[in-house]
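Chain residues, written in single-letter form:
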Amino acid sequence: MKLEYLNIKLIAVFSLIGLFFFMAIIIAMHILRPDYNPRSRYISEYAVGKYGQLAASSFVIYGLAILGIYLCLQTILPTRAHSNTGLAPIAIWGVCIAITGFFNVDLKDKQMSWHGTVHSIASVIGVAASVIGLILLSFIFALNESTQNVVFVTQIIAIVILILAMLLFLGLLGDMALKYHHNVPVILLLFHNITGLIERSLIGFSVVWLIIIVNNLWHLE
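A brief look at the structure comes next.

Rules behind the numbers
- Residues numbered from 1 in each chain as written.
- Predicted model: local features only at pLDDT ≥ 70, side-chain atom pairs only at ≥ 80, totals over all residues.
- Heavy atoms only, no water.
- Axes fitted to C-alpha atoms, helices over the stretch in contact; angles between N-to-C directions.
- Helix = DSSP H or I, 4+ residues; strand = E, 2+ residues; numbered from the N terminus.
- Parallel < 35°, antiparallel > 145°, perpendicular 65-115°, else oblique.
- Left-handed = near helix turned anticlockwise from the far one by under 90°.
- Contact = heavy atoms within 4.5 Å.
- Nonpolar A, V, L, I, M, F, W, Y, C, P; charged D, E, K, R; others polar.
- Core = buried A, V, L, I, M, F, W, Y, C linked by side-chain atoms within 4.5 Å.
- Buried < 20%, exposed > 50% of the residue type's maximum accessible area, 1.4 Å probe, protein only.
- Phe/Tyr/Trp six-rings, centres within 6.5 Å; stacked < 30°, edge-to-face > 60°.
- Salt bridge = Lys/Arg side-chain N within 4 Å of Asp/Glu carboxyl O.
- Polar contact = N/O pair within 3.5 Å; in protein donor to acceptor, adjacent residues only side chain to side chain.

Quick notes on the packing of helix 2 (residues 52-76) against helix 7 (residues 195-218)
In the contact formed by helix 2 and helix 7, the axes pass within 11 Å of each other and the chain directions differ by 40°. Our classification of the angle between helix 2 and helix 7 gives oblique. Helix 2 and helix 7 meet at a crossing whose hand is left-handed. Residue-level contacts link Tyr-62, Ile-66, Ile-69, Cys-72, Leu-73 and Ile-76 of helix 2 to Ile-203, Ser-206, Val-207, Leu-210, Ile-213, Val-214 and Leu-217 of helix 7. For the contact of helix 2 with helix 7, the residue count by class is 12 nonpolar, one polar and no charged.

Spelled out as structure tokens, the structure:
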């Protein structure tokens, strides 16, 4: 059992390093690419142009970090149907985020391309999976003794993430309408103009949720 916990802690440490690497690169990109307005630009747009490979690599590392945390949770949570239901979306989330690192997004003012389409599909699936997974797991944690101490905070963060994901979806609808020259309702245009802030908030809360879990994994006896 001690060896099992040692392996969990090792994976948790690597996942934590991956999360901090991702956040450090994204913060650095705001300095290296001041031509992108963080209020309206997606962070994935940093992968297009100068320093693009650095930004893209951070998405892959982020996806792997999520998968590492998924493996740890798979080990400590009891093997039950509800646990598997909550864990599956986390695995999908990690895979989708890693995929976005290999397929660049189309800039907001550009038409859709095949690689941009792949990126967008993976992003939407990833966000949806993350919301479902984080909410389910936040309630499943109440059923496991080793995770009961993080139930309240993870539930609150998961609810905030759900709200942000809904707002981001409205902004994405506005973005798609503009790309194909459709009339955009005022409400969609409003959220379209602040999708950058919404996305950054969503990712920030998601990373905090993951860090809380890693910290809990580290303190397992």
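Focus on the nonpolar core
In summary, soluble globular proteins display a tendency toward joint burial of nonpolar side chains. Judged by nonpolar contacts, the single largest core of 54 residues is most densely connected at Tyr-62, Leu-73, Trp-93, Leu-137, Phe-141 and Trp-209. Looking at this core, the elements with two or more residues in it are helix 1 (2-32), helix 2, helix 3 (81-100), helix 4 (114-140), helix 5 (151-179) and helix 7. Here this core gets 11 residues from one element, more than from any other, and that element is helix 2.

Quick notes on the packing of aromatic side chains
Tallying each qualifying case throughout the model produces five aromatic pairs. With centroids separated by 4.1 Å and ring planes inclined at 10°, the aromatic side chains of Phe-22 and Tyr-62 adopt a geometry described as stacked. Separated by 40 residues along the polypeptide, Phe-22 in helix 1 and Tyr-62 in helix 2 bring together distant segments of the chain. For the pair formed by Phe-22 and Tyr-62, the shared burial category is buried. For the ring pair Tyr-36 and Tyr-46, a centre distance of 5.6 Å and an interplane angle of 40° mean the geometry is tilted. On the criterion of sequence distance, the pair formed by Tyr-36 in the loop between helix 1 and helix 2 and Tyr-46 in the loop between helix 1 and helix 2 is long-range, its members being 10 residues apart.

Some words on the pattern of salt bridges
Counted by the stated rule, this structure contains two salt bridges. Measuring nitrogen to oxygen at the nearest pair gives 2.8 Å for the salt bridge that ties Asp-35 to Arg-33. A salt bridge links Arg-41 to Glu-45, with the shortest nitrogen-to-oxygen separation between them at 2.6 Å. As far as burial versus exposure is concerned, Arg-41 and Glu-45 are alike and both buried.

Points about unusual backbone geometry
Glycine aside, a negative phi is what most residues show, and trans is what most peptide bonds show. Notably, Tyr-51 is not glycine yet its phi reads approximately 65°, a positive angle. Inspection of the secondary structure puts Tyr-51 in the loop between helix 1 and helix 2. Overall, the relative accessible area of 34% leaves Tyr-51 in the partly exposed class.

Comments concerning the environment of Ile-99
By the secondary structure assignment, Ile-99 is in helix 3. Taking the relative accessible area as the measure of exposure, Ile-99 reaches 30% and is therefore partly exposed. In the structure, Ile-99 is positioned 19 residues away from Val-118 in sequence and 8.5 Å away in space, judged by C-alpha atoms. Setting aside chain neighbours within four positions, we find Ile-99 in contact with Val-118 and Ala-122.

Remarks on the environment of Leu-189
In this structure, Leu-189 sits in helix 6 (residues 186-192). Note on Leu-189: relative accessible area 35%, which makes it partly exposed. Sequence separation between Leu-189 and Leu-173 is 16 residues; the distance between their C-alpha atoms is 9.0 Å.

Some words on the environment of Asn-104
Topologically, Asn-104 is positioned in the loop between helix 3 and helix 4. Dropping the residues within four chain positions of it, Asn-104 is found in contact with Ala-47, Val-48, His-115, Gly-116 and His-119.

Description of the side chain of Ser-15
Tracing the backbone shows Ser-15 in helix 1. For Ser-15, a relative accessible area of 3% puts it in the buried group. Polar side-chain contacts of Ser-15 include one of 3.2 Å to the backbone oxygen of Ala-65.

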